[in-house]
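Examining the three-dimensional arrangement
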Amino acid sequence: MDLTLQNIEVTVEKKKIIKSISLSVGKGDFVGIIGPNGGGKSTLLKAVYRVLKPSNGTIMFGGENMQNISLHTSAKQMGVVGQFNTVNFDFTVMEMVLMGRMPHKKVFNADTQEDYKIALQALIQVGMQEAVNRQFVTLSGGEKQRIILARALAQQPQFLVLDEPTNHLDIKYQLQLLSIVKSLGIGALAALHDLNLAAMYCTKLYVLKNGCLIASGTPREVLTKERIRDIYEIDCDVNLDEQTGALSIVYHPLLPLHGMRCKDAG
């Protein structure tokens, strides 16, 4: 399914966090949102998956105004992989993944053999099938993130929203997670910190800073050394592999802050 945001604004505690953002994700596109911390990436995504209500603007999902789509229906169509995965109860890994099947059930319906089959396949996809009977709270941060992805996969969504999905993952599983998402062939909108991963997997990038959209385009168009300097206040080299078209970004070390002495730090 496709997603279009038109002039979205989000106000939290009387402060405008998101300021007239418009973007689009076509079917099968992997679109990234990048920008410094506090730029509004997570807030914008929360408006997309309906945790926050926009104070202005329109969200179109599958050609229909999101306001006209029931929460139950959108929950069946849109999966979410968040960056905070704490739970208040001690669930097994299988129980966590089976929660992805809930939008497809009526209240109090029991899990079926088909549900278990779908959940197990999702665990296999993320390489966590051997942890099926472990308690979720005993997992490492990276393992928990893979289980949250498995829960979203068990949901069998037509669109995925990912908020810093590679947090806590080592390099292998960062690549695995984003490769899985890319292979699904569905629309995906992801907030990403790692610019090299964004360049590798995203078809289009949107840059947010201070709640404003300041640039958009393909990774090659957006990820220039000049723009990275403007956005992140760092210097880097951006290299292009002419054969594959892949970008790689090499950062320059920051100089120490001037005027800071050890006795000043306390």
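Residues numbered from 1 in each chain as written. Predicted model: local features only at pLDDT ≥ 70, side-chain atom pairs only at ≥ 80, totals over all residues. Heavy atoms only, no water.

Comments concerning the sheet that holds strand 10 (residues 212–217)
The criterion, for reference: Two strands make a pair as long as DSSP finds a minimum of two bridges between them. Numbering of helices and strands starts at the N terminus; helices are DSSP runs of H or I of at least 4 residues and strands are runs of E of at least 2. Every axis corresponds to a line fitted to the C-alpha atoms, with the helix fit spanning only the stretch in contact, and the corresponding angles, defined between N-to-C directions, vary from 0 to 180 degrees. Only heavy atoms matter for contacts: two residues are in contact if any of them lie within 4.5 Å across the pair.
Within the open sheet, the 6 strands sit side by side as 6-7-8-3-9-10. Their pairing is mixed. Since the sheet does not close on itself, it has two edges, and those belong to strand 6 (78–81) and strand 10, each with one partner. Shown here is a sheet whose adjacent strand axes are inclined to one another by a mean of 15°, direction ignored. As judged from the 5 bridges shared by strand 9 (residues 204–209) and strand 10, these two strands associate in the antiparallel manner. Directly across from Val207, in strand 10, lies its bridge partner Ala215. Lying on the sheet, helix 5 (residues 141–154) is in contact with strand 6 and strand 7 (159–163); it crosses strand 6 at an angle near 175°.

Remarks on helix 4 (residues 113–125)
Definition in use: Given a helix with a known number of residues, its expected span is that number minus one, times 1.5 Å.
Spanning 13 residues, helix 4 covers 18 Å between terminal C-alpha atoms, matching the ideal 18 Å at 1.5 Å per step. Where helix 4 is buried, its residues meet helix 3 (93–98) and helix 5. A positive backbone phi angle near 70° is found at Gly127, which sits one or two residues after helix 4.

A short note on the sheet that holds strand 4 (residues 56–61)
A sheet is described by the order of its strands in space; here 4 strands give the open sequence 2-1-4-5, paired in antiparallel fashion. At either end of the open sheet lies a strand with only one pairing partner, and these are strand 2 (15–25) and strand 5 (64–65). As paired elements, strand 1 (residues 3–12) and strand 2 share 7 bridges and run antiparallel to each other. Each residue of the ladder has a partner; that of Leu5, found in strand 2, is Leu23. Seen against the sheet, helix 1 (residues 41–48) touches strand 1, strand 2 and strand 4 and runs at an angle of roughly 115° to strand 1.

Focus on the nonpolar core
Cut-off, in case you're wondering: Only buried residues count toward a nonpolar core, which is a set of Ala, Val, Leu, Ile, Met, Phe, Trp, Tyr and Cys residues joined through side-chain atoms within 4.5 Å. The rule is simple: take the accessible area with a 1.4 Å probe, protein chains only, and divide by the maximum for that residue type; under 20% is buried, over 50% is exposed, in between is partly exposed.
Counting 54 residues, the largest nonpolar core has Val97, Leu123, Ile147 and Leu223 as the members making the most contacts within it. In terms of residues, this core owes the most to one element, helix 5, which gives 7 residues. Not counting the four nearest positions on each side in its chain, Val97 is found in contact with Ala119, Ala122, Leu123, Ile147, Ala150, Arg151 and Ala154. Formed by 26 residues, the second largest nonpolar core is a distinct cluster that contains Ile8, Val10, Ile59 and Leu208.

Some thoughts on the pairing of strand 4
Relative to strand 4, strand 1 runs antiparallel, the two being bridged by 5 bridges. Bridged to Gln6 within strand 4 is Thr58. Sheet topology places strand 4 next to strand 5; 2 bridges connect them, and they run antiparallel. Bridge pairing links Phe61 to Glu64 in strand 5. Connecting strand 4 to the next strand, strand 5, in antiparallel fashion are 2 residues, including Gly62 with a positive phi near 60°.

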